[in-house]
Amino acid sequence: MADSNLANTSKRCYEITHSYLQITESTSEIIRGTQKDIDTTRRLLLKEIFPRWSPFDGDISFSYNGGKDCQVLLIIYLGCLWECYQSSKQHEKFPLKTLKAVFIDQDKNFETLEQFVEFTKKRYCLSLYEADRDFNKSVSMSVAFYKYLKDEPETKAIVVGIRHTDPFAEDLKPIQRTDDGWPDFLRLQPLLHWKLAHIWSFLLYSGEPICGIYGAGFTSLGDVNHTLPNSHLIKTNKLPLFFQWEIDHGSDGVANCSSLSSKDSHLQNDQYLPGWYLLDDSLERCGRNKSKKEQGLN
Ligand code: FAD
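Remember, it's a predicted structure, so these values are computed and weren't measured experimentally.

Q: Could you clarify how one ought to interpret the overall build of the protein chain in this entry?
A: When helices and strands are counted, the protein chain shows 9 helices and 6 strands. By the compact-globule yardstick of 19 Å for 298 residues, the protein chain fits well, its C-alpha radius of gyration being 19 Å. Principal axes of the C-alpha set define a box for the protein chain whose edges measure 55 × 50 × 40 Å. Out of the 298 residues belonging to the protein chain, those deemed buried represent 54%. For the protein chain, contacts bridging at least 24 residues in sequence account for 76% of all contacts bridging at least 6.

Following this line, the structure appears as structure tokens:
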């Protein structure tokens, strides 16, 4: 990739987003719906969030775990950063070199995911907070964030790529304070309204690399011992692919999935379709929760 500074990266993300918004040649309902979702996310960022918490002076951090949802939000967020810079008279030069971000590395993650986070950290110019892994693994996410806020006290708000269809997320608001038991900061959640199909449509169209685990039939990434391919993607189910047009546009006919790491190479299989064949939000997390042992697979 030629672009390696945040200004160029933000501009590239702006171009991806606007190119998607300008699609008229496809009559796909999914694309129309995704364009509406993008508009809502952009409005929240540009009209409600950035005027209150400056994206350029350390108020905001971005929670990033390499998953598809926060990657979609990151691309749109960076595009909005470019717009904000362009419309502001205050900055002659793009005012940031890196984007402040945080990854609470708690679970036993797939190696492919860890490599993807490392790769995209560079690709999107993230200054990714990397706390003591052993500490993170022994505490809850809220305690890990207490430590983060202690180390990064100027942070007032953190962007979260959560959607209403995630567990316990139906009543969340785009901007809200954290709950009791969490350190006090604002959660910025401008992706809540997105549907699974819209996430895939945008990501595949973008041509940006996607974490390779999704290519092996996974739809939601958790702890390596509690995450399996989604059983609804078994090839005998003969699900149709809805995103060939997006894939043709973004990556010349083949989705741009990162390679599986050597440790994860056993996940390569011809039994499951890739994650983007699943459109039903209610089935997205099948494959998570139960351990392999509980399912008799270990
Ligand atoms: P995913 O769908 O994988 O995650 C949803 C989003 O959460 C991701 O897109 C990413 O932005 C973020 N995220 C998930 N895992 C990580 C990670 N390991 N490191 C960094 N970011 C990550 N729950 C409460 O009950 N009350 C709260 O006040 C509250 N505040 C939160 C504030 C922040 C900044 C975050 C990141 C989470 C908070 N949560 C809170 C938990 C949140 O509601 C989700 O339960 C949690 O993010 C995991 O979501 P998920 O399992 O659906 O995973």
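Q: I tried to follow the site of the ligand on my own but got confused; where do I start?
A: Near the ligand you find 20 residues, and of these Ser 63, Ile 104, Gly 161, Asp 179 and Arg 285 are the closest. Notes on the ligand: free accessible area 880 Å², of which the protein chains cover 81%. For the ligand, the cavity whose grid points lie within 2 Å of the majority of its atoms is the largest pocket. Broken down by class, the residue content of the shell around the ligand amounts to 12 nonpolar, 4 polar and 4 charged.

Q: Looking at this structure, I do not really get helix H4 (residues 111-123). What am I missing?
A: Structural remark: α-helix, 3.6 residues per turn; residues separated by three or four positions point the same way. Compared with the 18 Å implied by 1.5 Å per residue over 13 residues, the 18 Å span of H4 between its first and last C-alpha is a close match. All of the buried residues along H4 are Thr 112, Leu 113, Phe 116, Val 117, Thr 120, Lys 121 and Arg 123. At the exit of H4 stands Cys 125, carrying a positive phi of roughly 55 degrees.

Q: Any chance you could explain the side chain of Gln 71 here in plain terms?
A: With respect to the helices and strands, Gln 71 occurs in helix H3 (residues 68-87). Residue classification places Gln 71 among the buried residues on the basis of a relative accessible area of 1%. Among the polar contacts made by the side chain of Gln 71, one reaches the side chain of Tyr 124 at a distance of 3.1 Å. Look past the residues within four positions of Gln 71 in its chain and what remains in contact with it is Tyr 64, Phe 116, Tyr 124, Leu 203, Glu 208, Pro 209 and Ile 210.

Q: Before we go on, may I ask you to explain the sheet that holds strand E4 (residues 157-159) in this structure?
A: What links the strands of a sheet is backbone hydrogen bonding, and the strands pair in either a parallel or an antiparallel sense. Spatially, the 6 strands line up as an open sheet ordered E3-E2-E1-E4-E6-E5, and their pairing is mixed. Of all the strands in the sheet, just strand E3 (126-129) and strand E5 (175-177) have a single pairing partner and so form its edges. Put simply, the sheet's adjacent strands are angled 35 degrees from each other on average, direction ignored. For E5 and strand E6 (residues 186-188), the ladder comprises 3 bridges, and the chain directions are antiparallel. Residue Arg 177 lies in a different strand from E6, and its bridge partner there is Leu 186.

Q: How should the pairing of strand E2 (residues 99-102) be read in this particular structure?
A: Within a regular beta strand, the side chains point alternately toward one face of the sheet and then the other, so they alternate between its two faces. Of the two faces of E2, both are covered, the one formed by Leu 99 and Ala 101 as well as the one formed by Lys 100 and Val 102. Sheet topology places strand E1 (residues 60-63) next to E2; 2 bridges connect them, and they run parallel. Following the sheet pairing, Ser 63 is matched in E2 by Val 102. With H3 bridging E1 and its parallel neighbour E2, the resulting β-α-β unit is right-handed. Chirality of the crossover, the property in question, places the unit of E2, H4 and E3 among those that are right-handed.

Q: Even after reading the chapter, I still don't get helix H9 (residues 244-251), so can you show me in this structure?
A: Within the span of H9, buried status applies to Glu 246, Ile 247 and Ser 251. The buried residues of H9 occupy one face: seen down the axis, they fall within an arc of 95 degrees. Taken together, the buried residues of H9 touch helix H2 (29-49) and helix H7 (196-206). Asp 252 sits one or two positions beyond H9 and adopts a positive phi of about 50 degrees.

Q: Is there a simple way to think about the packing of helix H1 (residues 6-21) against H2 in this case?
A: Think of two packed helices as two axes; the pair is described by the angle between the axes and how far apart they sit. With their axes 9 Å apart at the nearest point, H1 and H2 run at an angle of 135 degrees to one another. Of the possible angle classes, the one that applies to H1 and H2 is oblique. Along this stretch, H1 crosses H2, giving a crossing that reads as left-handed. Along its contact with H1, which presents Thr 17, His 18, Tyr 20 and Leu 21, the element H2 presents Ile 30, Ile 31, Thr 34, Gln 35, Ile 38, Asp 39 and Arg 42. Classifying every residue of the contact of H1 with H2 gives 5 nonpolar, 4 polar and 2 charged.

Scoring rules and cut-offs
- Residues numbered from 1 in each chain as written.
- Predicted model: local features only at pLDDT ≥ 70, side-chain atom pairs only at ≥ 80, totals over all residues.
- Heavy atoms only, no water.
- Helix = DSSP H or I, 4+ residues; strand = E, 2+ residues; numbered from the N terminus.
- Rg over C-alpha atoms; globule rule 2.2 N^0.38 Å.
- Buried < 20%, exposed > 50% of the residue type's maximum accessible area, 1.4 Å probe, protein only.
- Contact = heavy atoms within 4.5 Å.
- Near = heavy atom within 4 Å.
- Areas by Shrake-Rupley, 256 points an atom, 1.4 Å probe, with all protein chains shown as cover.
- 1 Å grid on protein atoms, 1.4 Å probe; cavity = no way out; pocket = protein on both sides within 12 Å on 5 of 7 lines; lining within 4 Å.
- Sits in = over half its atoms within 2 Å of the grid points.
- Nonpolar A, V, L, I, M, F, W, Y, C, P; charged D, E, K, R; others polar.
- Expected span 1.5 Å × (residues − 1).
- Polar contact = N/O pair within 3.5 Å; in protein donor to acceptor, adjacent residues only side chain to side chain.
- Pairing = 2+ DSSP bridges.
- Axes fitted to C-alpha atoms, helices over the stretch in contact; angles between N-to-C directions.
- Right-handed = clockwise from strand over helix to strand, strands pointing away.
- Arc of directions from axis to C-beta.
- Parallel < 35°, antiparallel > 145°, perpendicular 65-115°, else oblique.
- Left-handed = near helix turned anticlockwise from the far one by under 90°.

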